[in-house]
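Architecture and fold: a report
For reference, the chains in residue letters:
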Amino acid sequence: MDYLKETIIWHNSLLQYIVSIGIFIICIISMNLGLTFLLKLLLRLNVKFQNSFVLSLAKSIKKRTRPLILIVSLAIGRIGLTLPKEWSGYLGKIVAVFIIIFATMFICDLITNFSDNYLSKKKDVVISDGIITIIKSIAWVISFLTILSNLGVNVNTFITGLGIGGVAVAFAAQSIIADLFNYFVIVFDKPFLKGDFIQIDQDAGTVEYIGIKSTRIKRNSGEQLLISNTNLLASRIQNYRILEKRRRYMVIGVEYSTPLEKLKVIPDLVKSIIESTNNTEFYSARFLEFADSSLNFEVIYHVTIPDYAGFVQVVEEVNYKIVDEFNKLGVGFAFPSRTLYISKE
């Protein structure tokens, strides 16, 4: 024991190093045991309530806490050692920086988890991806300023410098700022939401992501359309989310040689076909006009399925029935044709 006390290395005895290592090991073991207990408790809650938020929280705690356990254990273990004042100050600041960084990471994980597993399931609450990005950015800015303050930097002077430089940046990034403001217009005015099927001029698709700079839309053909928020709001947008039913307008042309009694039957026949088809509302069927090559009937009805795929399926069923019933009636569909008269003179 005397040998351990009398042997000095870097202003500390071997006994001090052994005690310090022992404290370090005890801290790691005790903190890991506490972490394991907490994780088991959260997993039990997840099994009981089947809540994905609790499961994601447990994963985040496990991921972000283990590095902190090592750092905090090292900080506690060195307390019994005599270190130069400069070293002691630097080590304290390094530990504080690591704690702030990992704490910010955990906060960002918590924000994402809360948005994905709680707010997204609320029908009356819609949080855009861009809002989450802004909140995370604010958290990192606060973290960065806290680190600077911990390192002895005058934060007030730093913020003042950012304000002056921000004016110059604003002039150089006017389009980006315009997109940002238009992003807030999208968030608060809600012309569309994530998952909505919209049409912009000639392009149509499903909104996949609403960002602070641009919005991503997946076209029906599969490719992704990336459009800036400014250009998007400057366009004419058709949103099919609140669509309860779709209007179907069609013109049926029959041959000029169709007898009058069969022509009079066609409107009622079409009406019965539409009314006998599920998810339809009949509106009208009338003899419309004498066209160049056909006698045209105007047919209007509504399909009470807002989904486009379901709408097309109902229209297809109606069309098949019309073809079948017209064949039974002996009425032929007209096609573009011309009659040529040749004089014998």
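See the structure above.
On a predicted model such as this, the values are computed, not experimentally measured, just so you know. (Residues numbered from 1 in each chain as written. Predicted model: local features only at pLDDT ≥ 70, side-chain atom pairs only at ≥ 80, totals over all residues. Heavy atoms only, no water.)

**Side note on the overall build of the chain**
Looking only at helices and strands, the chain features 10 helices and 10 strands. Partitioning the contacts of the chain with sequence separation of at least 6, the portion at a separation of at least 24 is 62%. In the form shown here, the chain has an accessible surface area of approximately 22700 Å², with 62% of it arising from carbon and sulfur atoms. (Helix = DSSP H or I, 4+ residues; strand = E, 2+ residues; numbered from the N terminus. Contact = heavy atoms within 4.5 Å. Areas by Shrake-Rupley, 256 points an atom, 1.4 Å probe, with all protein chains shown as cover.)

**Notes on the sheet that holds strand E10 (residues 295–303)**
Strand order in the open sheet formed by 3 strands is E8-E10-E9, and the pairing between neighbours is antiparallel. Single-partner strands in this sheet number two, and they are strand E8 (246–254) and strand E9 (280–290). Ignoring strand direction, the axes of neighbouring strands in this sheet form an average angle of 20°. The pairing of E9 with E10 spans 9 bridges and is classified as antiparallel. In the strand pairing of E10, Thr280 is matched with Val303. This element, helix H9 (residues 260–275), spans E8, E9 and E10 of the sheet and lies at about 15° to E10. Sheet strands in contact with helix H10 (residues 308–329) are E8, E9 and E10, and its direction is about 25° off that of E8. (Pairing = 2+ DSSP bridges. Axes fitted to C-alpha atoms, helices over the stretch in contact; angles between N-to-C directions.)

**Notes on the pairing of strand E5 (residues 214–219)**
Of the strand pairs in this sheet, strand E4 (residues 203–210) and E5 are connected by 5 bridges, and their pairing is antiparallel. When the bridges of E5 are listed, Thr206 appears paired with Lys218. Hairpin geometry of E5 and strand E6 (residues 224–228) is characterised by an intervening segment of 4 residues between the two adjacent antiparallel strands and by a positive phi of about 110° at Gly222.

**Here's the deal with the side chain of Ser143**
Note that Ser143 resides in helix H5 (residues 129–150). For Ser143, the residues in contact, after removing those within four places along its chain, are Ile100 and Thr104.

**Some details on the pattern of salt bridges**
For the coordinates displayed, the defined rule picks out 7 salt bridges. Between Arg219 and Asp203 there is a salt bridge; the shortest N-O distance is 2.9 Å. Placement of the pair is Arg219 in strand E5 and Asp203 in strand E4, with a sequence separation of 16 residues. Overall, Arg219 belongs to the partly exposed group, its relative accessible area being 25%. According to the relative accessible area criterion, Asp203 is partly exposed, its value standing at 26%. A salt bridge links Lys245 to Glu281, with the shortest nitrogen-to-oxygen separation between them at 3.0 Å. Remark: Glu281 occurs in strand E9 and Lys245 occurs in the loop between strand E7 (237–239) and E8; sequence separation between them is 36 residues. Relative accessible area serves as the criterion here: at 38%, Lys245 is assigned to the partly exposed category. Ionic contacts of the salt-bridge type, sharing partners, join the residues Asp203, Arg219 and Glu223 into one network. (Salt bridge = Lys/Arg side-chain N within 4 Å of Asp/Glu carboxyl O. Buried < 20%, exposed > 50% of the residue type's maximum accessible area, 1.4 Å probe, protein only.)

**Digging into the packing of H9 against H10**
Running from N to C, H9 and H10 point in directions that differ by 145°, and their axes come no closer than 10 Å. As for how H9 packs across H10, the hand of that crossing is right-handed. The residues of H10 that touch H9, namely those facing Lys262, Val265, Ile266, Leu269, Val270, Ile273 and Ile274, are Val318, Lys321, Ile322, Glu325, Phe326 and Leu329. Considered class by class, the residues forming the contact of H9 with H10 number 10 nonpolar, no polar and 3 charged. (Left-handed = near helix turned anticlockwise from the far one by under 90°. Nonpolar A, V, L, I, M, F, W, Y, C, P; charged D, E, K, R; others polar.)

Honestly, that's just the spatial picture; any functional story needs more than this.
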